[in-house]
Amino acid sequence: MDITVFCSAADLDDRYTAPARKFAALLGERGHTLVWGGSHAGLMGVLADGVKAAGGRLVGISVELLAHKAYQGADELVTTRDLAERKAALLARADAVVVLAGGLGTLDELTEVLELKKHGLHAKPVVVLDSEGFYDGLRSQLQRMDAEGFLPLPLDELALFAEDPATALADLEAAATAG
């Protein structure tokens, strides 16, 4: 399965790098392909190194603006003109999407993927790996939107939240085989 992962390019502490390493190892060991932002920086680099070390395949989707941070060990590296084109390419290459800890770019990617799914423009499973409760606030907001009628689909049809890497991958694999 080609799994697109959205995450931070920042250097983060072990609360976020440890789950990313574990998730990367599971992806590689299970024979999945990581499709990611193509960077060697921060969590992106941790993820790519871990998948590669575990024998997985790497497909990087970089952007001209960040070409200097491109991961040189990828099996395939695509460079897009801008961030919007990169987001579209990341989703197009995905069989499923996982979101790890990240900043504004990651939040933008997640909300766009959910918006497109809401409108039926894709039906790919989306799992948020909520390491250390990083996305508790977002989950609470989405639950409120769901409860108060702002979402046309139930939240659990748009995205699942997982507390640990093994659950995140299990949820993805189950959703992929069910769909």
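Preceding this section is the structure that the text describes.
Residues numbered from 1 in each chain as written. Predicted model: local features only at pLDDT ≥ 70, side-chain atom pairs only at ≥ 80, totals over all residues. Heavy atoms only, no water.

**Some points on the overall build of the chain**
Here is step 1 of the chain: Across its full length, the chain carries seven helices and seven strands.
Here is step 2 of the chain: For the chain, the succession of helices and strands along the chain, N to C, is β-α-β-α-β-β-α-β-α-β-α-α-β-α.
Here is step 3 of the chain: Scaling as 2.2 N^0.38, a compact globule of 179 residues should have a C-alpha radius of gyration of about 16 Å, and the chain matches this with 15 Å.
Here is step 4 of the chain: With respect to the principal axes defined by its C-alpha atoms, the chain has extents near 45 × 35 × 30 Å.
Here is step 5 of the chain: Considering only residue pairs separated by 6 or more positions, the chain has 68% of its internal contacts joining residues 24 or more positions apart.
Here is step 6 of the chain: In the form shown here, the chain has an accessible surface area of approximately 8300 Å², with 53% of it arising from carbon and sulfur atoms.
Here is step 7 of the chain: Of the side chains in the chain, 16 bear a positive and 27 a negative charge, and the two mean positions are spaced by 3 Å. (Helix = DSSP H or I, 4+ residues; strand = E, 2+ residues; numbered from the N terminus. Rg over C-alpha atoms; globule rule 2.2 N^0.38 Å. Contact = heavy atoms within 4.5 Å. Areas by Shrake-Rupley, 256 points an atom, 1.4 Å probe, with all protein chains shown as cover. Lys, Arg positive; Asp, Glu negative; His and termini not counted. Charge placed at Lys NZ, Arg CZ, Asp CG, Glu CD.)

**Examining the nonpolar core**
Here is step 1 of the chain: In this structure, Val5, Phe23, Leu34, Trp36, Leu47, Leu58 and Leu100 are the most contacted members of the largest nonpolar core, which totals 30 residues.
Here is step 2 of the chain: Among the elements of the structure, strand E1 (2-6), helix H1 (14-29), strand E2 (33-36), helix H2 (42-53), strand E5 (96-99), strand E6 (126-129) and helix H7 (165-178) are those that each provide at least two residues to this core.
Here is step 3 of the chain: Apart from residues lying up to four places away in sequence, leucine 34 is in contact with Ile3, Val5, Leu27, Leu47, Ala48, Val51, Arg57, Leu58 and Val59.
Here is step 4 of the chain: Grouped together as the second largest cluster of nonpolar side chains are 22 residues, Phe6, Ile61, Leu110 and Val128 included. (Core = buried A, V, L, I, M, F, W, Y, C linked by side-chain atoms within 4.5 Å. Buried < 20%, exposed > 50% of the residue type's maximum accessible area, 1.4 Å probe, protein only.)

**Some words on the sheet that holds strand E7 (residues 160-162)**
Sheet strands pair by backbone hydrogen bonding; their relative direction is either parallel or antiparallel.
Here is step 1 of the chain: The parallel open sheet is built from seven strands, whose spatial order is E4-E3-E2-E1-E5-E6-E7. Only two strands of the sheet have a single neighbouring strand rather than two, namely strand E4 (76-80) and E7. Put simply, the sheet's adjacent strands are angled 25° from each other on average, direction ignored.
Here is step 2 of the chain: Here E6 pairs with E7 via three bridges, running parallel. Bridge pairing in E7 places valine 127 opposite leucine 160.
Here is step 3 of the chain: The sheet contacts of H2 involve E1, E2 and strand E3 (57-63), and relative to E2 the element is tilted by about 160°. (Pairing = 2+ DSSP bridges. Axes fitted to C-alpha atoms, helices over the stretch in contact; angles between N-to-C directions.)

No statement about biological role is implied by the geometric values presented.
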